[in-house]
Amino acid sequence: MVIVRGGGDLATGTVFMLHQCGYDVLVLESGQPTAIRRKVSFSEAVYDGSTVVESVVCRRVETETQIAQAWKEREIPLLIDPAGEWIRKMHPQAVIDAILAKKNLGTSKEMAPLTIALGPGFEAGRDVDYVIETKRGHRLGRVIAHGTAIPNTGVPGLIGGYGAERVIHAPATGEIHTLAQIGELVKKGQRLAKIGETGVYAAFDGVLRGMIRDGFAVTTGLKIADIDPRAQEQENCTTISDKARCIAGGVLQALLCSKVFPSQ
C-alpha cells in the first residue's frame, strides 16, 4: 500500500501508474486544491465526490471501510488530509510527496519504510529516500538517491516555442468567473475569465489546457490557467501528460529498486 500526498496533474500521473501496476494507492489532498489541469487531476474528487481520469475512478472517502471498499472495486480512494494524519493510521509501505510545492511541507523519512518526493525542496538521503526530477529536459524523471532536484526556476518549460506565456496568473484578487472551457480553442486577446471587473486574456492562439474552477476565490499571482499553443492537441486536455508519465516512471523505478517491495 502506497500513500501519495497530492492529487494534481503530475501527482495523478504517478497515482494512475501505480494503480495500473497493482499497488493499493491512497491519495491525501487539501480541502481546496488549486489544480488547473482539472480534467486529469484526481484532486477534483474533493469537490465532486468522484472523478475519472483515463477510465480510472478516484473517489473521496472518509473511513477505513470506505478505503478498503474502493480498493476492492479497483478505485482510488482520496481523503482530505493536508497534514498527513492518516499516514500514522494506515502504516503504508511507502509515502510519496507529490504536492509539488517546491518546498517540504512536512514529509520525512520517518513516515514510512520508503519515502519519495517529486521535485525541488527535498534532499534525498536526508528528508526522503529518493527525489524524482520534475524539470523538463534531459534529467526529467531521473531517480536521485543523494542530493536534490534542479532548483525551481519559476519559468515553465517550452512547448511549441512558448514558455512563461503559457501560464496565466491571476491579475487581481477575488472570485473568478470563467468564460472559456478546458479544451476550447482560444484566440490571442480573448477574454477567458474575469475576476471582479478585471479581465483575464489569452496571450496567444492555442488550446485552453487548464483553468481553475469557476467561482474559486483567487489571489493576485495565483496560477489560474494554462494554454497549449498546439491547436491540434485538444485531446491532451483529457489525457495524462508525457511529463507526468515520465515522472511516474521514476517513482515506479524507485519502488521496484527498493528493498520495501522485494516481491514486485
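Further up the page is the structure itself.
A quick note: this is a predicted structure, and the numbers were derived from the prediction, not measured. (Residues numbered from 1 in each chain as written. Predicted model: local features only at pLDDT ≥ 70, side-chain atom pairs only at ≥ 80, totals over all residues. Heavy atoms only, no water.)

> I tried to follow the nonpolar core on my own but got confused; where do I start?
Looking at soluble globular proteins, one finds that nonpolar side chains tend to be buried together. Leu 18, Phe 42, Ile 96, Ile 116, Val 251 and Leu 255 are the most contacted members of the largest nonpolar core, which has 34 residues in total. With six residues, the top contributor of residues to this core is helix α5 (residues 242-257). Of all hydrophobic cores here, the second largest spans 24 residues; its members include Val 186, Ala 202, Leu 208 and Phe 216. (Core = buried A, V, L, I, M, F, W, Y, C linked by side-chain atoms within 4.5 Å. Buried < 20%, exposed > 50% of the residue type's maximum accessible area, 1.4 Å probe, protein only. Helix = DSSP H or I, 4+ residues; strand = E, 2+ residues; numbered from the N terminus.)

> I tried to follow the packing of aromatic side chains on my own but got confused; where do I start?
Both the distance between ring centres and the angle between the ring planes are used here to describe each pair of aromatic rings. Taken as a whole and assessed by the stated rule, the structure comprises zero aromatic pairs. Across from the ring centre of Trp 86, 4.5 Å away, lies the NZ or CZ of Lys 89, which sits over that ring. (Phe/Tyr/Trp six-rings, centres within 6.5 Å; stacked < 30°, edge-to-face > 60°. Lys NZ or Arg CZ within 6 Å of the ring centre and 35° of its normal.)

> Quick question: what am I supposed to make of helix α1 (residues 9-20) here?
Side chains three or four residues apart in an α-helix point the same way, a direct result of the helix having 3.6 residues per turn. The first and last C-alpha atoms of α1 sit 16 Å apart over 12 residues, in line with the 16 Å expected at 1.5 Å per residue. Most of α1 sits inside the fold, with nine of its 12 residues counted as buried. (Expected span 1.5 Å × (residues − 1).)

> Help me understand the environment of Asp 129, please; the structure alone is not making it clear to me.
Tracing the chain through its elements places Asp 129 in the loop between β7 (114-118) and β8 (130-132). The spacing of Asp 129 and Leu 114 is 15 residues in sequence and 6.4 Å in space, taken between C-alpha atoms. Only 2.8 Å separates the side chain of Asp 129 from the backbone nitrogen of Thr 115, close enough to count as a polar contact. (Polar contact = N/O pair within 3.5 Å; in protein donor to acceptor, adjacent residues only side chain to side chain.)

> Honestly, the side chain of Glu 75 in this entry has me stumped. Any pointers?
The topology assignment puts Glu 75 in the loop between α3 (64-72) and β5 (76-80). A distance of 2.8 Å separates the side chain of Glu 75 from the side chain of Arg 59, its partner in a polar contact. When neighbours within four sequence positions are excluded, Glu 75 is seen to be in contact with His 19, Val 57, Arg 59 and Ala 70. (Contact = heavy atoms within 4.5 Å.)

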